[in-house]
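# Notes for the structure review
Listed below are the residues making up each chain.
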Amino acid sequence: MDEPLEIEQDGVGAPAWAAFGDLMAGVLGAFVLVLAAALVGQLDLANKLQDEMRQRQAEQQRREALERALAGPLADGRITLVEGRIGISGAVLFATGSDQLHADGRALVRSLAAPLRTYLAQRDEILMVSGFTDDRGLIGGKGAPRFSDNWELSAQRALTVARALMAEGLPPDAVFAAAFGPQQPVASNDDAAGRALNRRVEIAPTPRPRHAAASAAP
């Protein structure tokens with residue numbers, strides 16, 4: 001009587017163990033896939049962090065190089081250097097309501113040209129010369145040209161500085177002008193001190209754009 005029962009148990013137990021083995025194999029396979037995905041994700045994150053660190057180091061080196069190149073004007077307070085942007089007070093460069101450099105302003109631009117030219121020669125960058133104003137209406141000085149608004153004044157001032165830099169030897173393809181008018185103030189326009197800070201010209205190195213034709217080349 002015992003032998004048939006034992007045979008019956010063997011017949012039932014074998015498929016159960018086979019199914020359990022298949023289940024465990026599936027679980028193990030899923031675990032391996034999850035582990036592989038996690039490792040790939042960690043590797044991708046590590047690569048991104050390394051790229052970000054390299055970019056930050058390159059940016060820091062760029063700023064330090066610019067600071068060394070402009071040590072003279074920075075030391076005597078004629079310019080500021082914040083996050084790689086060279087700031088020049090509008091009063092240092094121009095008379096009220098004018099886009100023509102006065103003598104001190106032209107001398108300052110001339111002093112910047114040589115170090116900027118050296119800086120650009122070592123990097124694939126160009127200079128963006130940006131004009132900014134306060135939010136007050138224009139007040140024309142004696143003999144000053146009239147502009148329709150602050151946007152036009154900031155544009156003409158940026159162009160004046162850009163052309164002065166080119167006249168001092170910077171390549172024309174390494175300088176361009178931009179106008180922001182009263183936008184992007186660095187201080188409040190509610191008092192005279194803040195408005196004076198907002199009337200400024202900034203010179204900022206920026207990566208040289210790639211031509212569409214070059215990017216489309218095989």
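How each quantity is defined
- Residues numbered from 1 in each chain as written.
- Predicted model: local features only at pLDDT ≥ 70, side-chain atom pairs only at ≥ 80, totals over all residues.
- Heavy atoms only, no water.
- 1 Å grid on protein atoms, 1.4 Å probe; cavity = no way out; pocket = protein on both sides within 12 Å on 5 of 7 lines; lining within 4 Å.
- Points joined across faces, edges and corners; volume = space filled by probe spheres on them.
- Helix = DSSP H or I, 4+ residues; strand = E, 2+ residues; numbered from the N terminus.
- Nonpolar A, V, L, I, M, F, W, Y, C, P; charged D, E, K, R; others polar.
- Expected span 1.5 Å × (residues − 1).
- Buried < 20%, exposed > 50% of the residue type's maximum accessible area, 1.4 Å probe, protein only.
- Contact = heavy atoms within 4.5 Å.
- Polar contact = N/O pair within 3.5 Å; in protein donor to acceptor, adjacent residues only side chain to side chain.
- Axes fitted to C-alpha atoms, helices over the stretch in contact; angles between N-to-C directions.
- Parallel < 35°, antiparallel > 145°, perpendicular 65-115°, else oblique.
- Left-handed = near helix turned anticlockwise from the far one by under 90°.
- pLDDT = per-residue confidence, 0-100.

Estimates place the volume of the largest pocket at around 320 Å³. For the lining of the largest pocket, the secondary-structure elements that each account for two or more residues are helix H3 (90–93) and helix H5 (150–167). Here the lining of the largest pocket gets three residues from one element, more than from any other, and that element is H5. Counted as a void, the second largest pocket has a volume near 270 Å³. In terms of lining residues, the second largest pocket is bounded by 16 residues, among which Thr-80, Gly-87, Ile-88, Leu-197 and Arg-200 are the most central. If you list the elements that add at least two residues to the lining of the second largest pocket, you get strand E1 (80–82), strand E2 (85–89), helix H6 (192–198) and strand E5 (200–207). Residue contributions to the lining of the second largest pocket peak at five residues, all from E2. Classifying every residue of the lining of the second largest pocket by side-chain character gives seven nonpolar, four polar and five charged.

On to H5, then. With 18 residues, H5 should reach 26 Å at 1.5 Å per residue; the first-to-last C-alpha distance of 25 Å fits that figure. Among the residues making up H5, those that are buried are Asn-150, Leu-153, Ser-154, Arg-157, Ala-158, Thr-160, Val-161, Ala-162, Ala-164 and Leu-165. Tucked into the core, H5 has its buried residues touching H3, helix H4 (103–121), strand E3 (125–132), strand E4 (175–181) and E5. With a side-chain oxygen lying 3.2 Å from the backbone nitrogen of Trp-151, the N-terminal cap of H5 falls on Asp-149. One or two steps after H5, the chain reaches Gly-169, where phi turns positive at roughly 110 degrees.

Turning our eyes to something else, we now look at the packing of H4 against H5. Running from N to C, H4 and H5 point in directions that differ by 55 degrees, and their axes come no closer than 9 Å. Relative to H5, H4 is oriented oblique. Between H4 and H5 lies a crossing of right-handed hand. Judged by residue contacts, Arg-106, Val-109, Ala-113 and Leu-116 of H4 engage Val-161, Ala-164 and Leu-165 from H5. Residue composition of the contact of H4 with H5, grouped by class: six nonpolar, no polar and one charged.

Bringing the confidence of the model for the protein chain into the picture now. Taken over all residues, the pLDDT of the protein chain has a mean of 82, while the share at 70 or more is 81%. For residues 212–218, every residue scores under 50 in pLDDT, and the model assigns this stretch zero contacts once sequence neighbours within four places are set aside.

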